[in-house]
Amino acid sequence: MPLEPFSIPLETIYLYGLIISGVLTILYVLFADVFHFHGAGDGGLHFLNPVLIFAFITILSASGYLFEKLSSLHYLLILGISAVAAFIVVTLLNVFVLVPLSSAEESLVYKESDLRGRIGTVITPIPADGFGEVMIDSTSGRIAKPASSFDGEQIPNGTTVLVVQVKNGVLEVTVHQELESFI
């Protein structure tokens, strides 16, 4: 006779565990950033990450439910097999997904001060006392910024320019002159 704690069949308990942990996982993924839940990962206890705990319970419940429904194994053996399978899958999830994601670049944002010294191309002519536009190529894409002439000279469309400084979001540029190589 199968074990029925609280007169509820084990497969029903596994199913409830699967549904509850699945819902909690979805809620955590949706609302973790809003409420700033970061788990205990900062102190070196990366295995206490809520994502890993929810994944472990979900996989344990799912495999336990399937084994209870489809096999006639003893309930302790089913629990043991399910726990080992969940531990292996969660370990693989942590090593191959969560750790690489946590060490990845957060964004491709640039600071305007990083644009100083960069080379760009004028895409809208810059009048001597007005504003034009400069396109700067970067590894993450192209950046188009308003620009004015640093030297107070008109700069025509298609000219290669050097960004001297950035003031109030406007690049101050000068015509870029490449040095000739005598080698």
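Source: prediction; values computed, not measured.

(A) Fine view of the nonpolar core. Core analysis: the biggest nonpolar cluster contains 12 residues, these being Leu115, Val122, Ile126, Val134, Ile136, Ile143, Ala147, Ile155, Val161, Val163, Leu171 and Val173. Mapped by element, the contributors of at least two residues to this core are strand S2 (132-138), strand S3 (141-149), strand S4 (160-167) and strand S5 (170-175). Those residues in contact with leucine 171, other than ones at most four positions away along the chain, are Leu115, Val134, Ile136, Lys145, Pro146, Ala147, Ser148, Val163, Gln165 and Val166.

(B) Region of interest: the packing of aromatic side chains. One pass over the structure, following the stated rule, counts one aromatic pair. Considering the side-chain rings of tyrosine 28 and phenylalanine 54, the 6.0 Å spacing of their centres and the 65° angle between planes classify their relative orientation as edge-to-face. Of the two residues, tyrosine 28 is situated in helix H1 (residues 10-35) and phenylalanine 54 in helix H2 (residues 50-70); the sequence distance between them amounts to 26 residues. Grouping residues by exposure puts tyrosine 28 and phenylalanine 54 together as buried.

(C) Here's a closer look at the pairing of S2. Where strand S1 (residues 119-124) meets S2, three bridges bridge the pair, whose relative direction is antiparallel. Bridging across to S2, threonine 121 finds its partner in methionine 135. Both S2 and S3 contribute to a ladder of seven bridges, which runs antiparallel. The residue of S3 that forms the bridge with glutamate 133 is proline 146. If you look at the hairpin formed by S2 and S3, you'll find two residues sitting between the two strands.

(D) Expanded view of helix H3 (residues 75-102). Helix length check: H3, at 28 residues, gives a terminal C-alpha distance of 37 Å against a target of 40 Å (1.5 Å per residue), a fit within 8%. At asparagine 94, H3 shows its maximal kink, close to 40°. All of the buried residues in H3 are Ile78, Ser82, Ala86, Val90 and Leu98.

Rules used throughout
- Residues numbered from 1 in each chain as written.
- Predicted model: local features only at pLDDT ≥ 70, side-chain atom pairs only at ≥ 80, totals over all residues.
- Heavy atoms only, no water.
- Core = buried A, V, L, I, M, F, W, Y, C linked by side-chain atoms within 4.5 Å.
- Buried < 20%, exposed > 50% of the residue type's maximum accessible area, 1.4 Å probe, protein only.
- Helix = DSSP H or I, 4+ residues; strand = E, 2+ residues; numbered from the N terminus.
- Contact = heavy atoms within 4.5 Å.
- Phe/Tyr/Trp six-rings, centres within 6.5 Å; stacked < 30°, edge-to-face > 60°.
- Pairing = 2+ DSSP bridges.
- Expected span 1.5 Å × (residues − 1).
- Bend = angle between axes of the 7 residues up to and from the residue.

Shape is all these values report; function is a separate question.
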